[in-house]
Amino acid sequence: RKEVEQDPGPFNVPEGATVAFNCTYSNSASQSFFWYRQDCRKEPKLLMSVYSSGNEDGRFTAQLNRASQYISLLIRDSKLSDSATYLCVVTSGGYQKVTFGTGTKLQVIP
Amino acid sequence: NAGVMQNPRHLVRRRGQEARLRCSPMKGHSHVYWYRQLPEEGLKFMVYLQKENIIDESGMPKERFSAEFPKEGPSILRIQQVVRGDSAAYFCASSPPRGGGNQPQHFGDGTRLSIL
């Protein structure tokens, strides 16, 4: 089983739709969780950290479920500019090893 | 803007030559990570360094690849005797000294390596 798993997609959604991505992780001792976005041929950029209580930033909501070992990202009212690959990141281990998922591709269609 | 600086942005080498990729972390950051990304694939972890120490090199190929982060100067990823399969985007990221991987990483623009 991979340390961090994501559905690669692509998710093709119309503008204004709500879309959700899940990411599962295998190490129950994982400590920190993040979502990044990566545009084609660009560097990954931090979208948001994920907290146990869940957190929201505008149209974006992140949730963590430690019991089931997954994190989620919800995007409301999708914009064309949201088209990108969304990377799930999990930190675990004594020195906080960082593991990236392979990403979920989102395409928002006019 | 004192973000993560990588250079060169693009590097072309012929098979058998050496490639040197440089990364200067954000100001105040002492943790550096190198990743490789092949076209249409995800980020692959290569190595995690702190000043003068390699913490985790489990993602580094055993031969031809090496990395360092000296006390002074940038981190260097060195690829000797390059082959076509080394063509990829190489990203560097840094994070602050406290919290290590529990802090989000900040990425440089990457170096696109092309092997002729």
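Residues numbered from 1 in each chain as written. Chains lettered and ligands numbered in written order. Predicted model: local features only at pLDDT ≥ 70, side-chain atom pairs only at ≥ 80, totals over all residues. Heavy atoms only, no water.

In terms of nonpolar packing, the biggest core is built from 24 residues, with A:F21, A:W35, A:I71, A:L73, A:I75, A:Y86 and A:L106 touching the most fellow members. Elements supplying a minimum of two residues to this core: β3 (19-25), β4 (32-38), β5 (45-50), β7 (60-65), β8 (70-75), β9 (84-92) and β11 (104-109) of chain A. B:M46, B:C92, B:L113 and B:I115 belong to the second-largest nonpolar core, a separate cluster that totals 22 residues. (Core = buried A, V, L, I, M, F, W, Y, C linked by side-chain atoms within 4.5 Å. Buried < 20%, exposed > 50% of the residue type's maximum accessible area, 1.4 Å probe, protein only. Helix = DSSP H or I, 4+ residues; strand = E, 2+ residues; numbered from the N terminus.)

Applying the stated criterion across every chain yields a total of 2 disulfides over all chains. Each sulfur of the disulfide joining A:C23 and A:C88 lies 1.9 Å from the other. The disulfide joining A:C23 to A:C88 has a torsion of about -65 degrees about its S-S bond and is therefore left-handed. Residue A:C23 is located in strand β3, and its partner A:C88 is located in strand β9; the two are separated by 65 residues in the primary sequence. In terms of burial, A:C23 and A:C88 fall into one category: buried. Between the sulfur atoms of B:C23 and its disulfide partner B:C92 the distance amounts to 1.8 Å. The disulfide joining B:C23 to B:C92 has a torsion of about -55 degrees about its S-S bond and is therefore left-handed. With B:C23 in strand β3 (residues 19-24) and B:C92 in strand β9 (residues 88-95), this residue pair connects regions lying 69 residues apart in the sequence. (Disulfide = S-S within 2.5 Å.)

Bringing the sheet that holds strand β6 (residues 55-57) of chain A into the picture now. Residues and elements named next belong to chain A. The strand order across the open sheet formed by 5 strands is β1-β3-β8-β7-β6, and the pairing between neighbours is antiparallel. A strand with exactly one partner marks an edge of an open sheet, and here the two such strands are β1 (4-6) and β6. Between one strand axis and the next, the sheet turns by 20 degrees as a mean value, whatever way the strands run. Pairing of β1 with β3 involves 3 bridges; the strand directions are antiparallel. (Pairing = 2+ DSSP bridges. Axes fitted to C-alpha atoms, helices over the stretch in contact; angles between N-to-C directions.)

Tracing the backbone through its elements, the reader meets B:Q105 in the loop between β9 and β10 (106-107). Owing to a relative accessible area of 2%, B:Q105 belongs among the buried residues under this scheme. Among the polar contacts listed, one links the side chain of B:Q105 to the side chain of B:Y35, at a separation of 2.9 Å. If we ignore the near neighbours within four places in the chain, the residues touching B:Q105 are A:Y36, A:V98, A:F100, B:Y33, B:Y35, B:A93, B:S94 and B:S95. (Polar contact = N/O pair within 3.5 Å; in protein donor to acceptor, adjacent residues only side chain to side chain. Contact = heavy atoms within 4.5 Å.)

Counting from both sides, the interface comprises 20 residues of chain B and, opposite them, 18 residues of chain A. Summed over the shared surface of chain B and chain A, the number is 0 salt bridges. At the surface where chain B touches chain A, the tally comes to 3 residue pairs in polar contact (both at pLDDT 80 or more). If you list the elements that add at least two residues to the side of chain B that touches chain A, you get β4 (31-37), β5 (43-50) and β6 (53-56) of chain B. (Salt bridge = Lys/Arg side-chain N within 4 Å of Asp/Glu carboxyl O.)

Considering the arrangement of structural elements, one finds B:I55 in strand β6. Taking the C-alpha atoms as reference points, B:I55 and B:V32, 23 residues apart in sequence, are found 9.9 Å from one another.

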